[in-house]
Amino acid sequence: MSAKTFRHGVHPPENKGLTEGRLIERIPMPAEVVLPLSQHLGAPSVALVKAGDRVYRGQLIAKAGGFVSVPLHASVTGKVKAIELRHHPSGRMVESIVIATDPSSPQTLHNEEPVDWESMPAEQLLTMVKEGGFVGLGGAAFPTHVKLSVPEGKHVQYFLVNGCECEPYLTTDHRIMLDWADAIFLGIRIIQKLLGAEKTFIGVETNKWDAIRGLQDRVPADLPCELVPLETKYPQGAEKMLVTAVLQREIPSGKLPLDAQVVVQNVGTVAGIGELFSFGQPLIERVITVTGPGIKQPSTLLVPVGTALQEILDYCGGITEDASQILFGGPMMGTPQYDLRVPVTKGVSGIVCLTSKQAAGPRQEYACIRCASCLDACPVFLNPTQLGALARMGRYDEMLENYHLMDCMECGSCSYVCPSNIPLVQRFRVAKGVIREEMARKKNNAA
Ligand code: SF4
Ligand code: SF4
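Cut-offs applied
Residues numbered from 1 in each chain as written. Chains lettered and ligands numbered in written order. Predicted model: local features only at pLDDT ≥ 70, side-chain atom pairs only at ≥ 80, totals over all residues. Heavy atoms only, no water. Phe/Tyr/Trp six-rings, centres within 6.5 Å; stacked < 30°, edge-to-face > 60°. Helix = DSSP H or I, 4+ residues; strand = E, 2+ residues; numbered from the N terminus. Buried < 20%, exposed > 50% of the residue type's maximum accessible area, 1.4 Å probe, protein only. Lys, Arg positive; Asp, Glu negative; His and termini not counted. Salt bridge = Lys/Arg side-chain N within 4 Å of Asp/Glu carboxyl O. Polar contact = N/O pair within 3.5 Å; in protein donor to acceptor, adjacent residues only side chain to side chain. Contact = heavy atoms within 4.5 Å. Near = heavy atom within 4 Å. Nonpolar A, V, L, I, M, F, W, Y, C, P; charged D, E, K, R; others polar. Pairing = 2+ DSSP bridges. Arc of directions from axis to C-beta. Core = buried A, V, L, I, M, F, W, Y, C linked by side-chain atoms within 4.5 Å.

Enumeration according to the criterion identifies one aromatic pair in this entry. Here Y158 and F201 contribute two aromatic rings whose centre-to-centre distance is 5.1 Å and whose plane-to-plane angle is 80 degrees, an arrangement assigned as edge-to-face. Placement of the pair is Y158 in strand β9 (residues 158-163) and F201 in strand β10 (residues 199-205), with a sequence separation of 43 residues. By relative accessible area, which is 15% here, Y158 ends up buried.

The structure is reproduced here in structure tokens:
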């Protein structure tokens, strides 16, 4: 099998060796979980419980706040301590349901039962995914049922499972593909039926040959599903790159994979949906990689959603003396964390602990030397040189109108290769934020 890929991109050091051999280990139930009502893209969930209520593991505790939103379930059996503002991985304070775990409870799943999915029509399967509170587990945390809702007049030819995990250090999806093949294939059956897709492809980078071969050998004979080995390159796990690499279909500016008759889901999400339809487990726990030179015992853990960062670091022996940065997610697109009380939310795929040697601190910035390395790196063929120059001058409108700023997916490839240390992606994030605020202001004024 030869490996496919997309054009451009970068090759940061993989650094996956610390955890790729580590089996998934369930951590003990934490004494408390903090479940933010906003841990997905879209409207926050709406609490259905109050302080003092007894709740059971897997019980619905907040309903979706709109179509682009998801419900929330208790990740432990215990008592609701409070609904209050708590620290959130985004750096903000967010309304959260705090549950004190009942130490005497066996923590069995509320309403655990097999699901007769074969007799369910597509709409019912979709409703179950929505009620399960699923979001993309690769990091984006976009509500899964929204991506699986095919609008009138659209058709899905292929379902594409994202097993790239192209961020350095992280091995969460790798482990899931090695250990949870049955759940993955059940998830694929459900989603394929729900979408009416004719075939599924699973794209996996060739730094995970054991997963490629293992899954290929276990594809059920009656399931139209094919493994596609992909060259190891960042950001291959970005949806547009993945569609291009696997199917050689380009997704134009402003369009979605659905416009190319494709729907993409992260492999961990697919496995989670398999578990939902096996025994009714909603999204209440997830696998994370805890890794990097700044953690004493790198591990692959199964953790209840809402577990505090501090608790997880302690379970892994604590951070090393020279640890200087903790990220939720990988070093290319992850979010630095400054408060160890923050909870692991649904979208956190890993915790990476770096020392000052690897951490991306402020570096001396030099003038652009017009080397064009950033143009060669950009996977969506933008002009980061020009965008960077305009961002420096605050000419955001020009970036938007003439240089397609909103197509930037903030992958950081341009910053990574820039020999002048120009913080390109950071400037693009600021520019996009300012433009979004301006658009929202104009919309409000017009209403
Ligand atoms: S951050 Fe944006 S501009 Fe830079 S390489 Fe990625 S997509 Fe291109
Ligand atoms: S990589 Fe940096 S120095 Fe080279 S052209 Fe791009 S912005 Fe300029």
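Our focus in this paragraph is the side chain of E167. Mapped onto the fold, E167 is located in the loop between β9 and α3 (172-179). Buried and without a salt bridge, E167 has K16 as its closest oppositely charged side chain, separated by 7.7 Å. At 3.0 Å, the side chain of E167 forms a polar contact with the backbone nitrogen of M332. Of the polar contacts made by the side chain of E167, one reaches the backbone nitrogen of M333; its length is 2.6 Å. For E167, the contacting residues outside a window of four places in its chain are K16, Y234, G330, P331, M332, M333 and G334.

This paragraph deals with the pattern of salt bridges. The final tally for this structure, using the stated rule, is 19 salt bridges. Here E84 makes a salt bridge to R86, at a shortest N to O gap of 2.8 Å. Exposure remark for E84: the relative accessible area of 31% places this residue in the partly exposed category. Residue class for R86 comes out partly exposed when judged on its relative accessible area of 23%.

A separate point is the site of ligand 2. Every residue lining ligand 2 is accounted for by C368, I369, R370, C371, A372, C374, T385, C418, P419, S420 and I422. For the shell around ligand 2, the class distribution of residues is eight nonpolar, two polar and one charged.

Turning our eyes to something else, we now look at the site of ligand 1. Around ligand 1 lies a shell of 14 residues, among which C378, C408, C411, G412 and C414 are the nearest. Of all the secondary-structure elements, those providing two or more residues to the shell around ligand 1 are α12 (413-417) and α13 (424-446). For the shell around ligand 1, a count of residues per class yields 11 nonpolar, two polar and one charged.

What follows covers the sheet that holds strand β5 (residues 60-63). If you trace the three strands from one edge of the open sheet to the other, you get β3-β5-β6, paired in antiparallel fashion. At either margin of the open sheet sits one strand with a lone partner, and together these are β3 (46-47) and β6 (72-73).

A few words now on the sheet that holds strand β4 (residues 54-55). Strand order across the open sheet formed by four strands is β2-β8-β7-β4, with antiparallel pairing between neighbours. At either end of the open sheet lies a strand with only one pairing partner, and these are β2 (32-36) and β4. As paired elements, strand β7 (residues 78-87) and strand β8 (residues 93-101) share nine bridges and run antiparallel to each other. Among the inter-strand pairings, L85 is bridged to a residue of β8, identified as E95.

Further remarks concern the environment of H155. Within the fold, H155 resides in the loop between α2 (144-147) and β9. Considered as a pair, H155 and L387 are 232 residues apart in the sequence and their alpha carbons are 36 Å apart. Dropping the residues within four chain positions of it, H155 is found in contact with V150, L258 and Q261.

What follows covers the pairing of strand β13 (residues 285-291). Of all seven residues making up β13, seven are buried, and the element is well covered by its neighbours. Looking at chain direction, β13 and strand β14 (residues 299-304) are connected through six bridges and run antiparallel. Of the residues in β14, the one forming a bridge with I288 is L301. Across three bridges, the pairing between β13 and strand β17 (residues 350-355) is parallel. Bridge pairing links V290 to I351 in β17.

A word on helix α5 (residues 209-218). The periodicity of an α-helix, 3.6 residues per turn, causes residues three or four positions apart to be oriented the same way. Of all the positions in α5, only A211, I212 and L215 are classed as buried. Projected onto a plane normal to the axis of α5, the buried residues spread over an arc of 100 degrees and lie on a single side. In the core, the buried residues of α5 are packed alongside α3, α4 (181-195), β10 and β11 (225-230).

Glycine aside, a negative phi is what most residues show, and trans is what most peptide bonds show. Of note, the amide linkage connecting Y234 to P235 takes the cis form, showing an omega dihedral of -5 degrees. Phi is positive for H8, which is not a glycine, with a value near 70 degrees. With respect to the helices and strands, the residue H8 is situated in the segment before β1 (24-26). The backbone of E410 sits at a positive phi, close to 60 degrees, despite the residue not being glycine. Position of E410 relative to the elements: it lies in the loop between α11 (396-403) and α12.

Another aspect to go through is the side chain of R57. You can see R57 is positioned in the loop between β4 and β5. Look at R57 and you get buried, because its relative accessible area is 6%. Only 3.3 Å separates the side chain of R57 from the side chain of E285, close enough to count as a polar contact.

The next thing to look at is the nonpolar core. Of all hydrophobic cores here, the largest spans 48 residues; its most connected members are F159, I184, F185, I188, L195, I202 and F277. Of all the elements, α4 adds the most residues to this core, at 10 residues. When sequence neighbours within four positions are dropped, the list of residues in contact with I188 reads F159, V161, T200, I202, L223, C225 and V270.

The next thing to look at is helix α6 (residues 239-247). A large share of α6 lies buried, amounting to seven of its nine residues. Burial in α6 covers these residues: M241, L242, V243, T244, A245, V246 and L247. Tucked into the core, α6 has its buried residues touching β9, β10, β11 and β12 (262-266). At the exit of α6 stands Q248, carrying a positive phi of roughly 55 degrees.

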